[in-house]
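Residue-level listing of the chains:
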Amino acid sequence: GVGVQQGGQPAGQPAAKPQQPAPKPKVHPAMLARAPVTAPPAAAKPVAKPAAPLAAGTPERLITILERSGALYAQLMTHAKARRAALRAGDFAGFSRLDEPEKRVVAQIADLDQQRLAEARALATKLGLAADASLVQIAEKLPPSPGGRILVLRDELRTLILVVRRETSIVR
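Starting afresh in each chain, residues are numbered from 1 along the sequence in its written order. Given that this is a predicted model, residues contribute local features only at a pLDDT of at least 70 and side-chain atom pairs are listed and counted only at 80 or more, while totals for whole chains, interfaces and linings are drawn from all residues. Note: side-chain values were computed over all heavy atoms of the structure, leaving out hydrogens and water.

**A few points about the overall build of the protein chain**
Working step 1: Strands here are runs of E lasting at least two residues and helices are runs of H or I lasting at least four, both read from the DSSP assignment and numbered beginning at the N terminus. Looking only at helices and strands, the protein chain features 6 helices and 0 strands.
Working step 2: Secondary structure elements of the protein chain, listed N to C terminal, follow the sequence α-α-α-α-α-α.
Working step 3: Counting the 172 residues in the protein chain, one finds 25% classified as buried.
Working step 4: A fraction of 62% describes how many contacts in the protein chain between residues 6 or more apart in sequence connect residues 24 or more apart.
Working step 5: Here the open area of atoms and residues is found with the Shrake-Rupley method and a 1.4 Å probe, where only the protein chains shown may cover a residue. When the accessible area of the protein chain is evaluated, it comes to approximately 12500 Å², of which 60% is carbon and sulfur surface. Think of it in three bands: residues with accessible area under 20% of the maximum for their type are buried, residues over 50% are exposed, and the middle band is partly exposed, with areas taken using a 1.4 Å probe on protein chains only. Here, two residues are considered to be in contact whenever any of their heavy atoms come within 4.5 Å of each other.

Okay, structure coming up:
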């Protein structure tokens, strides 16, 4: 029979060179202290951000923006509570997994804040108020139904923002 060399190669045939792993890049030890715990997500190609829709200057549009903002702050609160629970449990991987969803919510809130400002300015101007009029001033110039709704949403949103800030400061 044919003898077998070490490594499973038939005798008489040259042994194949073992595959060597690619050399690791040299990293200065100081850089390791700043290295992320997990690999960063693949860089997304920049996408042209769609322009914010022109402000309609209507109470209905302002109400919609305030309602959506409240829903997003509620999501942010859920993320903050989940982060706190992950910390308590020592689940640092779970804690880190919440980064991206939380960043998306924060970006949506920032976008809605811009829309809210534009809508409030347009509505204030339509009502004969200064462009930088507060939501209270705008609501007072509107009929009771939309004006009252704006005031209620404003108060709910302010309360929710304070609660989210408190919760996120605890997690920090």
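Picking up after the structure, the text goes on.
**Here we look at the layout of surface pockets**
If you roll a probe as big as a water molecule over the atoms, it shows you where there is empty space left.
Working step 1: For each structure, a 1 Å grid was placed over the protein atoms alone; sets of points admitting a 1.4 Å probe that cannot get out are labelled cavities, open sets with protein on both sides within 12 Å along at least five of seven lines are labelled pockets, and lining residues have an atom within 4 Å of a point. Grid points are joined across faces, edges and corners, and a volume is the space filled by probe spheres set on the points. Approximately 400 Å³ is the volume attributed to the largest pocket.
Working step 2: What lines the largest pocket is a set of 17 residues, among which Arg116, Leu117, Leu135, Arg154 and Arg158 lie closest to the centre.
Working step 3: If you list the elements that add at least two residues to the lining of the largest pocket, you get helix H2 (59-89), helix H4 (99-126), helix H5 (135-141) and helix H6 (144-171).
Working step 4: The biggest single contributor to the lining of the largest pocket is H4, with 5 residues.
Working step 5: When residues are sorted by character, Ala, Val, Leu, Ile, Met, Phe, Trp, Tyr, Cys and Pro go into the nonpolar class, Asp, Glu, Lys and Arg into the charged class, and all the rest, Gly among them, into the polar class. The residue makeup of the lining of the largest pocket, split by class, is 10 nonpolar, 1 polar and 6 charged.

**Side note on the environment of Asp99**
Working step 1: Looking at where Asp99 falls in the secondary structure, it is placed in helix H4.
Working step 2: For Asp99, a relative accessible area of 32% puts it in the partly exposed group.
Working step 3: In this structure, the C-alpha to C-alpha distance between Asp99 and His79, residues 20 residues apart in sequence, is 9.0 Å.

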